[in-house]
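Structural characterization, general
Here's the letter readout for the chains.
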Amino acid sequence: MLYKTESELLSKAKEAEGKTFGQIDIYNRLSNRKSKGSLGQVIEESFFGYKINSNARPDFEELGVELKVTPFKKNKNGSLSAKERLVLNIINYMEEVETTFHTSSFWEKNQKLLLMFYEWTPNNERNDYYINKSFLYSFPEADLEIIKNDWKAILDKIKEGKAHEISEGDTIYLGACTKGSNKNSLRTQPFSDIPAMQRAYSLKQSYMTTLVRKHIKQENLVNFAKAIDLQKKSFHELLNEKFAPYIGLTDEEISKKLNIKYNKGSKSFIPQIISALLGIKGTKLDNIEEFAKANVQFKTVRLEPNGIPKESMSFENIDFNQWKNETWEESYIRNRFYETKFLFIVFQYKEQKKDNPNRKLFLKRIKLWNMPEKTIESKIKELWVEVNKLLHSGLKIEYIKRGGNLVEKNNFPKSSFNGVTHIRPKGRDGNDKIELPNGQLITKQCYWLNNSYISDIIKD
């Protein structure tokens, strides 16, 4: 059936809301349990009545609208998030270099999307998932400026003969994810003889989560950048511009300039400074739309006079049951570093603490950073493999008397492990324990990035 208007198409899509895929699937496509794309195909074939295809043109070509059926999930804390990135079209390295943004395969196929969200639940059969929300989506002007820069970053890698080095960390909203059943899914590239992994354009999971928050949860998010600003400067440049007037000032001087109560020990102090610097004072950082869509999370770094932070950088407490039962490819820690950009707010002391216990902390710089893919697939993987091995073979835990107290020791990787990452306790005290998969009790642990590694990142 041809749809004459977008409203007619959307009206049809709305008819699916509240229905399960089992109710819609008239061709029994879901009987093939291994068919990953079958939920979208059920909607294409059984609901809209058109043949499955892999055309370069949008699904509803007469309206320039591409159909995408995509899941969201409910998290343990009750919030909603996208379950995965939204995979778009395959990138043909040989052809894409001959295009401009507006003639690219990405734009030709995906400039307007019909998004049909369904709720994924871990214990339900696919037949029982139901369509929750359908809406037409065009990229807002500000987003489009960031996406244009992302597309250019991907294209530049291809033009440099480095399609084999493309990483999702290169971009903000629009990614180039690997697409294929295994590492043998390779393609030729125009400016190098090195085969490159097949990739597809994709909207990052964090971008899709923001759409879930706005369109399903009806949350209001705040922008710090306007489209007109992003036409002239990149996301990185705008961030640097916002912070530049405050570089070299102490944290106390910054708080006075921004009219924020100085509370050095408060966890909310630095987030308050960041939102005020961005011109949206009082906004929680996870309610800043650009930060949410790009999954930008801030970390405060306090350098000693020698340029090295005294402390290593801590992350989340570890769920060891999850760690033991997951594969590396699906592991939490791997996805954490692949999918997160970190905004380092770097302060530095100019004096040693022994010389001045009341020493001042000066804002040195900011750095927007994501961990390189090579580091994830080497150093972080080494940590994951070692911890996984210990969880399967049995962790060695012992208690040593020190100053009249029993101190817990274990053989998890220490800071000398590989120069990048290690495991260390992060509990309220020695009595704040969790149970390991084999029943042993251990003080809560988290993974850390070594202070020397953080120092190297900041120097770059």
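Structure: above.
A brief structural summary. (Residues numbered from 1 in each chain as written. Predicted model: local features only at pLDDT ≥ 70, side-chain atom pairs only at ≥ 80, totals over all residues. Heavy atoms only, no water.)

1. Details of the overall build of the protein
- When you go through the protein residue by residue, the secondary structure sums to 16 helices and 19 strands.
- Here the C-alpha atoms of the protein give a radius of gyration of 25 Å, agreeing with the 23 Å that 2.2 N^0.38 yields for 460 residues.
- C-alpha extents for the protein along the principal axes are approximately 80 × 55 × 50 Å.
- Counting the 460 residues in the protein, one finds 48% classified as buried.
- Residue pairs at least 24 apart in sequence account for 66% of intrachain contacts in the protein once pairs closer than 6 positions are excluded.
- Placing the 75 positive and 60 negative side-chain charges of the protein at their respective mean positions leaves the two points 6 Å apart. (Helix = DSSP H or I, 4+ residues; strand = E, 2+ residues; numbered from the N terminus. Rg over C-alpha atoms; globule rule 2.2 N^0.38 Å. Buried < 20%, exposed > 50% of the residue type's maximum accessible area, 1.4 Å probe, protein only. Contact = heavy atoms within 4.5 Å. Lys, Arg positive; Asp, Glu negative; His and termini not counted. Charge placed at Lys NZ, Arg CZ, Asp CG, Glu CD.)

2. As for the side chain of Ser 331
- Tracing the chain through its elements places Ser 331 in the loop between helix H13 (320-325) and helix H14 (332-339).
- Engagement of the side chain of Ser 331 in a polar contact is seen with the backbone oxygen of Trp 328, the distance being 2.8 Å.
- In contact with Ser 331, not counting residues within four places along its chain, are Glu 326 and Trp 384. (Polar contact = N/O pair within 3.5 Å; in protein donor to acceptor, adjacent residues only side chain to side chain.)

3. Side note on the sheet that holds strand S4 (residues 112-119)
- In space, the four strands of this open sheet follow the order S2-S1-S4-S5, with mixed pairing throughout. Edge positions in the sheet fall to strand S2 (80-82) and strand S5 (131-138), since each has one partner strand and no second. When the angles between neighbouring strand axes are averaged without regard to direction, this sheet yields 30°.
- Where strand S1 (residues 66-74) lies against S4, seven bridges are found, and the strand directions are parallel. The residue bridging Lys 68 from the neighbouring strand is Leu 115, located in S4.
- The sheet strands contacting helix H3 (residues 38-47) are S1, S4 and S5, and the helix crosses S1 at an angle near 135°.
- Against the sheet, helix H7 (residues 205-215) contacts S1, S2, S4 and S5, and its axis sits at roughly 140° relative to S2. (Pairing = 2+ DSSP bridges. Axes fitted to C-alpha atoms, helices over the stretch in contact; angles between N-to-C directions.)

4. Describing unusual backbone geometry
- Not every positive phi belongs to a glycine, and Asn 28 is a case in point at roughly 55°.
- Within the secondary structure, Asn 28 is located in the loop between helix H2 (21-24) and H3.

5. Notes on the nonpolar core
- Membership of the largest hydrophobic core comes to 73 residues, with the highest contact counts inside it found for Phe 139, Phe 224 and Phe 291.
- By residue number, the principal contributor to this core is helix H6 (residues 141-159), which donates eight residues.
- Setting aside residues no more than four positions away along its own chain, Phe 139 makes contact with Phe 106, Trp 107, Asn 110, Gln 111, Leu 113, Leu 144, Ile 147, Leu 203 and Tyr 207.
- Grouped together as the second largest cluster of nonpolar side chains are 36 residues, Val 301, Tyr 338, Leu 383 and Leu 391 included. (Core = buried A, V, L, I, M, F, W, Y, C linked by side-chain atoms within 4.5 Å.)

6. Considerations on the sheet that holds strand S3 (residues 86-90)
- Read across the sheet, three strands follow the order S3-S9-S6 without closing on themselves; strand pairing throughout is antiparallel. Two strands lie at the open edges of the sheet, namely S3 and strand S6 (174-178), each paired on one side alone. Neighbour-to-neighbour, the strand axes of this sheet turn through a mean angle of 40°, independent of strand direction.
- Strand direction decides the pairing type here: S6 and strand S9 (residues 199-203), joined by five bridges, are antiparallel. Looking across to S9, one finds that Cys 177 is bridged to Ala 200.
- The sheet contacts of H6 involve S6 and S9, and relative to S6 the element is tilted by about 40°.

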